[in-house]
Amino acid sequence: SQQGEEDPQALSIQEGENATMNCSYKTSINNLQWYRQNSGRGLVHLILIRSNEREKHSGRLRVTLDTSKKSSSLLITASRAADTASYFCATVISNFGNEKLTFGTGTRLTIIP
Amino acid sequence: AAGVIQSPRHLIKEKRETATLKCYPIPRHDTVYWYQQGPGQDPQFLISFYEKMQSDKGSIPDRFSAQQFSDYHSELNMSSLELGDSALYFCASSPDRVSSGANVLTFGAGSRLTVL
């Protein structure tokens, strides 16, 4: 089963609205990261939140982390057409010094102009 | 700035053939990761290398193998290709975790493999 599961799987909103995507995971983590992927392209790192942090901001992005509920959310404010992409959360679990990223199922975000 | 370079970008093979994908990490990044992403799927971790040694292994089939060379580039070799191997294959690299403090990956643009 996936370490990270996201909801919704697809989201369509009007340009200018806020978009919220959620991610849940199963095991304890070192940090959680959000990546963006345009169709058929590589993944681009957006933001990282460590397990001892609760909220983090970067431009129009706001990430929260609730380790007690094993969940995170990504908020994109004032959405733009260029934000249309798939968004993945990825968890990092330190395993004897190896820190691979395990990706969730992703949310496909469509911004309607 | 230099990014992660993958080649080829597109590859078409027949069933049972062999394919090799190459990855050139960002200079001074010491860890390379390979991920496989099927159509509409999330990226699945295959294998990683740290300082030219295999550091972790995920859902990589026995038909696949990979290595990291002395110049830090990595190659993913896939043999006896099956239709289900059709996917985007991503390579990513990351800098030394001790100095950077966290494992942030920089991904290449991917190699799209189509098996007919």
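Every value quoted in this text rests on a predicted model; they were computed, and no experiment measured them.

Parameters and conventions
Residues numbered from 1 in each chain as written. Chains lettered and ligands numbered in written order. Predicted model: local features only at pLDDT ≥ 70, side-chain atom pairs only at ≥ 80, totals over all residues. Heavy atoms only, no water. Helix = DSSP H or I, 4+ residues; strand = E, 2+ residues; numbered from the N terminus. Buried < 20%, exposed > 50% of the residue type's maximum accessible area, 1.4 Å probe, protein only. Areas by Shrake-Rupley, 256 points an atom, 1.4 Å probe, with all protein chains shown as cover. Lys, Arg positive; Asp, Glu negative; His and termini not counted. Charge placed at Lys NZ, Arg CZ, Asp CG, Glu CD. 1 Å grid on protein atoms, 1.4 Å probe; cavity = no way out; pocket = protein on both sides within 12 Å on 5 of 7 lines; lining within 4 Å. Points joined across faces, edges and corners; volume = space filled by probe spheres on them. Nonpolar A, V, L, I, M, F, W, Y, C, P; charged D, E, K, R; others polar. Disulfide = S-S within 2.5 Å. Polar contact = N/O pair within 3.5 Å; in protein donor to acceptor, adjacent residues only side chain to side chain. Contact = heavy atoms within 4.5 Å. Salt bridge = Lys/Arg side-chain N within 4 Å of Asp/Glu carboxyl O. Core = buried A, V, L, I, M, F, W, Y, C linked by side-chain atoms within 4.5 Å. Pairing = 2+ DSSP bridges.

Participant: Before we go on, may I ask you to explain the overall build of chain A in this structure?
Facilitator: Helices and strands together make up the secondary structure of chain A, namely 0 helices and 11 strands. When its helices and strands are written in sequence order, chain A yields β-β-β-β-β-β-β-β-β-β-β. The principal-axis extents of the C-alpha atoms in chain A amount to approximately 45 × 30 × 20 Å. Every one of the 113 residues in chain A was classed for burial, and the buried ones make up 44%. Just so you have it, chain A exposes about 5300 Å², and 46% of that area is on carbon and sulfur atoms. Separation of charge centres in chain A, based on 13 positive and 10 negative side chains, amounts to 4 Å.

Participant: Help me understand the layout of surface pockets in this model?
Facilitator: Here the idea is plain: a probe the size of a water molecule rolls over the atoms and shows the empty space left. Approximately 360 Å³ is the volume attributed to the largest pocket. Each residue belonging to the lining of the largest pocket can be placed in one class, and the counts come to 5 nonpolar, 14 polar and 2 charged.

Participant: Could you clarify how one ought to interpret the state of the cysteines in this entry?
Facilitator: Chemically, a disulfide is nothing more than a covalent bond linking the sulfur atoms of two cysteines. All names here are of chain A. Taken as a whole and assessed by the stated rule, the structure comprises 2 disulfides over all chains. Through a disulfide, Cys-23 is tied to Cys-89; the S-S separation comes to 2.0 Å. An S-S torsion of about 60° defines the bridge between Cys-23 and Cys-89 as right-handed. One end of the pair, Cys-23, is in strand E3 (residues 19–25); the other, Cys-89, is in strand E9 (residues 85–92), with 66 residues separating them in the sequence. Looking at Cys-23, the relative accessible area reads 2%, which means it is buried.

Participant: Would you take a moment to explain the side chain of B:Ser94 for this structure?
Facilitator: Residues and elements named next belong to chain B. The topology assignment puts Ser-94 in strand E9 (residues 87–94). Here Tyr-33 takes part through its side chain, which lies 3.4 Å from a polar atom of the side chain of Ser-94. Setting aside its immediate chain neighbours within four residues, Ser-94 contacts His-29, Asp-30, Thr-31, Tyr-33, Asn-103, Val-104 and Leu-105.

Participant: I keep staring at the pattern of salt bridges and nothing clicks. Help me out?
Facilitator: Pairing between side chains becomes possible if they bear opposite charge and their charged atoms approach one another. All names here are of chain B. Applying the stated criterion across every chain, the model contains 6 salt bridges over all chains. Glu-82 is the salt-bridge partner of Arg-63, the closest N and O atoms lying 3.4 Å from each other. A residue pair is termed long-range when its members are at least 10 positions apart, and Arg-63 in the loop between strand E6 (53–57) and strand E7 (64–68) and Glu-82 in the loop between strand E8 (74–78) and E9 qualify at 19 residues. The class of Glu-82 is partly exposed, set by a relative accessible area of 41%. With a shortest N-O distance of 2.8 Å, Arg-63 and Asp-85 are connected by a salt bridge. Note that Arg-63 is positioned in the loop between E6 and E7 and Asp-85 in the loop between E8 and E9, a separation of 22 residues in sequence. One network of salt bridges, in which partners are shared, links Arg-63, Glu-82 and Asp-85.

Participant: Explain the nonpolar core here, please?
Facilitator: One broad trend across soluble globular proteins is that nonpolar side chains are buried collectively. Counting residues in hydrophobic clusters, the biggest one holds 22 residues, and the most contacted among them are B:Trp34, B:Leu76, B:Met78, B:Tyr89 and B:Leu113. Contributions of two or more residues to this core are made by strand E3 (19–24), strand E4 (31–37), strand E5 (44–50), E7, E8, E9 and strand E11 (111–115) of chain B. The residues contacting B:Leu113, other than those within four sequence positions of it, are B:Leu11, B:Lys13, B:Ala19, B:Met78, B:Leu81, B:Asp85, B:Ser86, B:Ala87 and B:Tyr89. Formed by 21 residues, the second largest nonpolar core is a distinct cluster that contains A:Met21, A:Leu32, A:Val63 and A:Leu109.

Participant: I would appreciate a short explanation of the pairing of E6(B) in the present structure.
Facilitator: Side-chain positions along a regular strand alternate between the two faces of the sheet. All names here are of chain B. Strand direction decides the pairing type here: E5 and E6, joined by 4 bridges, are antiparallel. Looking at E6, one finds that Phe-49 is bridged to Gln-54. Hairpin connection from E5 to E6: 2 residues lie between these consecutive antiparallel strands, with Glu-51 at a positive phi of about 50°.

Participant: Help me understand unusual backbone geometry in this model?
Facilitator: Of all residues except glycine, most have a negative phi; of all peptide bonds, most are trans. Residues and elements named next belong to chain B. Between Ser-7 and the following residue, Pro-8, the backbone shows a cis peptide bond with an omega angle of -10°. Mapped onto the elements of the fold, Pro-8 is located in the loop between strand E1 (5–7) and strand E2 (10–13). Positive phi, normally seen in glycine, also occurs at Lys-52, with a value near 75°. Mapping Lys-52 onto the fold places it in the loop between E5 and E6. Taking the relative accessible area as the measure of exposure, Lys-52 reaches 34% and is therefore partly exposed. Despite not being glycine, Ser-80 shows a phi value in the positive range, around 45°. Tracing the sequence through the fold places Ser-80 in the loop between E8 and E9.

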